[in-house]
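Take a look at the letters that make up each chain.
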Amino acid sequence: MTKTISSWSPALKTLHWLIAFFILFAWGSVELHEFYERDDPMRGWWMVVHFSLGFTVLFLGLARLYWRATHGRPTLYGSGLQKPVSLLVQSLMYVIMLGMPITGLLMRQFAGRETKLFWLFDLPSFVAKNEALAKQLAFLHKEFLWNALLVLLVLHIGGALWHHLITKDNTLRQMLPFGKVK
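Procedures and definitions
- Residues numbered from 1 in each chain as written.
- Predicted model: local features only at pLDDT ≥ 70, side-chain atom pairs only at ≥ 80, totals over all residues.
- Heavy atoms only, no water.
- Helix = DSSP H or I, 4+ residues; strand = E, 2+ residues; numbered from the N terminus.
- Polar contact = N/O pair within 3.5 Å; in protein donor to acceptor, adjacent residues only side chain to side chain.
- Axes fitted to C-alpha atoms, helices over the stretch in contact; angles between N-to-C directions.
- Left-handed = near helix turned anticlockwise from the far one by under 90°.
- Contact = heavy atoms within 4.5 Å.
- Nonpolar A, V, L, I, M, F, W, Y, C, P; charged D, E, K, R; others polar.
- Buried < 20%, exposed > 50% of the residue type's maximum accessible area, 1.4 Å probe, protein only.
- Lys, Arg positive; Asp, Glu negative; His and termini not counted.
- Salt bridge = Lys/Arg side-chain N within 4 Å of Asp/Glu carboxyl O.

> Let's hear about the side chain of His50: which residues, and what values?
Mapped onto the elements, His50 comes out in helix α2 (residues 41-70). Here Ala26 takes part through its backbone oxygen, which lies 2.8 Å from a polar atom of the side chain of His50.

See the structure below:
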């Protein structure tokens, strides 16, 4: 759909901020699990939180991608390379938003580990154990995608602040939950 609108829809704003918080909490939970010894049940508890939040990001990311594809977008501000860089950063963030949970799940499955979600059920394993592939996916998940996400977040937040503080356009206001577009 190519309809131009003045602000992101409430659904997309909600999904944007929910995903941001879930990613932050998923990161926090995996960091907190490091404070516990391998045999401490709290270490496992934090990992269940991490998997559950990651799965939630995947689900919300797919919902956001669908909603974004079927609804209009506000005017894209910027000049020169700003618009294509903005679109590239947004696209890569979608790739990572979906790629991190998928690589995390596959990493665990290829390692032969269970993946419990919200203490309600285990995701069924659908691949054969392959430790070598699990290690490659662990590198992709923990090192490559995580660091790429950090770089993209700096660009994303920096771009939003640039638009808000320097060029003083509506880019940031369009995504704020209660932002008023001028």
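That covers the picture; the talk isn't over yet.
> A description of the packing of α2 against helix α3 (residues 82-110) should follow, citing residues and the corresponding values.
α3 packs onto α2 with a crossing angle of 145° between their chain directions and a minimal axis gap of 9 Å. Crossing hand, α2 versus α3: left-handed. Between α2 and α3, the contacting residues are Phe51, Gly54, Val57, Leu58, Gly61, Leu62, Arg64, Leu65 and Arg68 on the first element and Tyr94, Met97, Leu98, Pro101, Ile102 and Arg108 on the second. A class-by-class count of the residues in the contact of α2 with α3 yields ten nonpolar, two polar and three charged.

> Tell me about the side chain of Arg108, and name the residues and values.
Within the secondary structure, Arg108 sits in helix α3. Buried and without a salt bridge, Arg108 has Glu114 as its closest oppositely charged side chain, separated by 6.3 Å. The residues touching Arg108, leaving out its near neighbours within four places in the chain, are Phe51, Arg113, Glu114 and Thr115.

Geometric values such as these leave the question of function open.
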